[in-house]
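Survey of secondary and tertiary structure
Now for the letters of each chain:
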Amino acid sequence: MGQPIIRHQGLGFLLADMQTHTDAARALLYPVWEKDTQWTWFLKNSRRFSEQMFLIDEGYISTYGDMLCLVRQISGGLYTCGLRLGMMAAVDMANRRELIASVFALSRLGCTAVMVNPRLCEEEREYVLRKSDAGGCYDRREHRHLQAENDFRETFCANEAV
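Residues numbered from 1 in each chain as written. Predicted model: local features only at pLDDT ≥ 70, side-chain atom pairs only at ≥ 80, totals over all residues. Heavy atoms only, no water.

**Topic: the pairing of strand E2 (residues 60–63)**
Heads up, the condition is: A pair of strands is considered paired only if DSSP assigns at least 2 bridges between the two. Helical segments are the DSSP runs of H or I of at least four residues, strand segments are the runs of E of at least two, and each set is numbered from the N terminus.
Taken together, the four bridges between strand E1 (residues 53–57) and E2 define a ladder with antiparallel strand orientation. Bridge pairing in E2 links leucine 55 to serine 62.

Quick look at the structure:
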């Protein structure tokens, strides 16, 4: 067993002297690995904290519930475009709430998000997309807020086979 993570100094010193740890003490000292994907983590927390603030983007406050609706909307559009489990999609977006929602949406579909820096020049962007083996590029630079499923479909499908 590795070194204990001491969360409470007194308890840590007490347990460090003991040869065997009880299950309760071990639970306090050693982290437990939970097998969650980004999507399952987000879904679990959005159900638990649906009315609590998740993100502030340029003064726009999104709750977990708001983001869950946005993620479902984006994933529906990407699914309509043909994205399925195990596929890759490039995401070329500024660091906004839509980017975070897009990553969770791709995780919901079981896809891999290939993040593309939106500040790259066109030549660098094309190189990254060529090397990524992504089936398409999800690019929302021209749009500030996401609207309907058709918007996602038009945007992603227009950038397929970049």
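**What about the confidence of the model for the protein chain?**
This is how the line gets drawn: One number per residue, pLDDT, summarises how confident the predictor is, and it ranges from 0 to 100. The contact criterion used is simple: two residues touch if any of their non-hydrogen atoms lie within 4.5 Å.
Within the protein chain, residue pLDDT values average 78, and 70% of them lie at 70 or more. Below a pLDDT of 50 lies the segment residues 141–154, which in the model reaches 35 contacts outside its immediate sequence neighbourhood of four places, other chains included. Every residue in residues 158–162 is under pLDDT 50, and counting partners more than four places away or in other chains gives eleven contacts.

**Topic: the sheet that holds strand E5 (residues 137–139)**
In a beta sheet, neighbouring strands are held together by backbone hydrogen bonds and run either parallel or antiparallel to one another. To be explicit about the condition: With axes taken as lines fitted to C-alpha atoms, and helix axes fitted only over the stretch in contact, angles between N-to-C directions fall between 0 and 180 degrees.
If you trace the three strands from one edge of the open sheet to the other, you get E4-E3-E5, paired in parallel fashion. What marks the edges here is a single partner per strand, and that holds for strand E4 (112–116) and E5. On average, each strand axis in the sheet is inclined to that of its neighbour by 30 degrees, with strand direction left out of account. Two strands pair when backbone bridges link them, and strand E3 (residues 88–92) and E4 are joined in this way by five bridges, in the parallel orientation. Within E4, the residue paired with aspartate 92 across the bridge is valine 116. On top of the sheet, helix H6 (residues 122–132) reaches E3, E4 and E5; it is set at about 160 degrees to E4, its chief contact.

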